[in-house]
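What the coordinates show
Single-letter residue listing:
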Amino acid sequence: MRRIVSFLFILALLIGGGFYYVSKVYTASYQDLDREKSDLRAEAVDIGDDPISILLMGVEDYSTNGAAGRADTQIVMTLDPDTNNMTMTSIPRDTKVDIPAYKVGEKYAGSHKLNATYSLGEVSGYGAEKLAVETVEDYLEIPIDKFASVNFEGFMDIVDLMGGVTIDVKEGFWERSSLDHDKKIQFEKGPTKMTGEEALAFVRMRKRDVGLTYTRDERQRQFLKASIDEALSAGNLLKVNDFTDVLGKSVSTNLKLSELYAVQKALSSNNPSTETFLIEGEDKRLNDGLYYFVPDEVSLAQVKQKLKTALEIQTASNADSSQENQPSNS
């Protein structure tokens, strides 16, 4: 099963953001988590003013006819609206997580791979997005303020409805099509107009040698900028009716209209700073006979701390250090 790489759903959100004021697609896409804020927040955050976190999910449900899909891509993005600093942390889909019975019942409780939380939330009635969000909160020990997800087929449909996107390919490479494993898609150096099928292959490539110098992060940023430009073009702004069905069926988010535009403004900045955090570890067969991603505990702890710093969350150790640095009144 191939992963949908990061930002595919942000594309859908940014496209939708331009149409929500003139269509009803927002109503179809909005999915509330039945909470005003994360339980890990003392107060609700303002996306326009405060650093926030968004769980980005790529759901693959084409093999189940749209039912109980798996969130094979889960990326935590933090965004500081004042500085436009952004971080991205991809959580391996095979990460072992524990799901409590009080959420999903005894039938589905226990140890699972992270990508199964979405489907377990759906089949148990707890809520696919809600369980996915809360599981990531527990794993990383940070609040997840918002989420956004799009399914596999929706990604390609959205790009195709825009008439494709043009990206300046820096280095040539090839990647297999997600629709036909025997089909190789060749990318030549230079400006290239891509279909949805081609764009998905472009952003998800990770095994070719060129990936060392032409990283996924760079290609994803190229794709995002090109998609924003294309979505806001005059021709696409007139395609409201064409996009309504695709966005309503493919996109799910609890970002409000004003919040969508705050995210769009930061992501479309001329000089955004993007940092990627990597959770190091290895795949191991555990006692239940299944392979899981087992993180290096030091690496995981470092990533947790970096995310808290990006979100300006003061930990006990930080608070103690701050107090030590205060001048004495004596």
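Residues numbered from 1 in each chain as written. Predicted model: local features only at pLDDT ≥ 70, side-chain atom pairs only at ≥ 80, totals over all residues. Heavy atoms only, no water.

**Thoughts on unusual backbone geometry**
Glycine aside, the phi torsion of most residues is negative, and most peptide linkages are trans. A positive phi angle, near 60 degrees, is found at Asp34, a position not held by glycine. Position of Asp34 among the secondary structure elements: in the loop between helix H2 (25-29) and strand S1 (52-60). (Helix = DSSP H or I, 4+ residues; strand = E, 2+ residues; numbered from the N terminus.)

**Notes on the side chain of Asn115**
Position of Asn115 relative to the elements: it lies in the loop between strand S5 (110-113) and helix H4 (117-124). Residue classification places Asn115 among the buried positions, given a relative accessible area of 6%. (Buried < 20%, exposed > 50% of the residue type's maximum accessible area, 1.4 Å probe, protein only.)

**Some words on the sheet that holds strand S6 (residues 146-151)**
Taken in spatial order, the six strands make up an open sheet running S11-S6-S1-S2-S3-S12, and their pairing is mixed. Each edge of the sheet is formed by a strand with only one pairing partner; in this case those strands are strand S11 (251-253) and strand S12 (273-277). Within this sheet the neighbouring strands show an average axis-to-axis angle of 20 degrees, counted without direction. Here five bridges tie strand S3 (residues 85-90) to S12, and the two strands are oriented parallel to one another. Among the inter-strand pairings, Met88 is bridged to a residue of S12, identified as Thr276. The strands that helix H5 (residues 128-140) touches are S1, strand S2 (70-79), S6 and S11; relative to S1, the one it contacts most, it runs at about 125 degrees. Of the strands in this sheet, S2, S3 and S12 are in contact with helix H12 (residues 297-310), which crosses S3 at around 150 degrees. (Pairing = 2+ DSSP bridges. Axes fitted to C-alpha atoms, helices over the stretch in contact; angles between N-to-C directions. Contact = heavy atoms within 4.5 Å.)

**Description of the pairing of S6**
Counting buried positions along S6 yields six of six residues, so the element is predominantly enclosed. Every second residue of S6 is oriented toward a common face, with Lys146, Ala148 and Val150 on one face and Phe147, Ser149 and Asn151 on the other, all of them buried. Relative to S6, S1 runs parallel, the two being bridged by six bridges. Bridging from a neighbouring strand, Val59 pairs with Asn151 of S6.

**Remarks on H4**
Among all positions of H4, only Thr117, Tyr118, Ser119, Leu120 and Gly121 are buried. Just downstream of H4 lies Gly125, where phi reads positive at about 90 degrees.

**Looking at the environment of Ala44**
Counting through the fold element by element, Ala44 comes out in the loop between H2 and S1. Accessibility expressed as a relative area gives 51% for Ala44, which makes it exposed. Along the sequence, Ala44 and Asp145 sit 101 residues apart, while their C-alpha atoms lie 8.5 Å from each other. Other than its neighbours up to four places away in sequence, Ala44 contacts Glu36 and Lys37.

**Some words on the environment of Ala262**
Within the secondary structure, Ala262 sits in helix H11 (residues 257-267). A C-alpha to C-alpha distance of 10.0 Å links Ala262 and Asp46, two positions 216 residues apart in sequence. Once you skip the residues sitting within four places of it in the chain, Ala262 turns out to touch Ile47 and Gly48.

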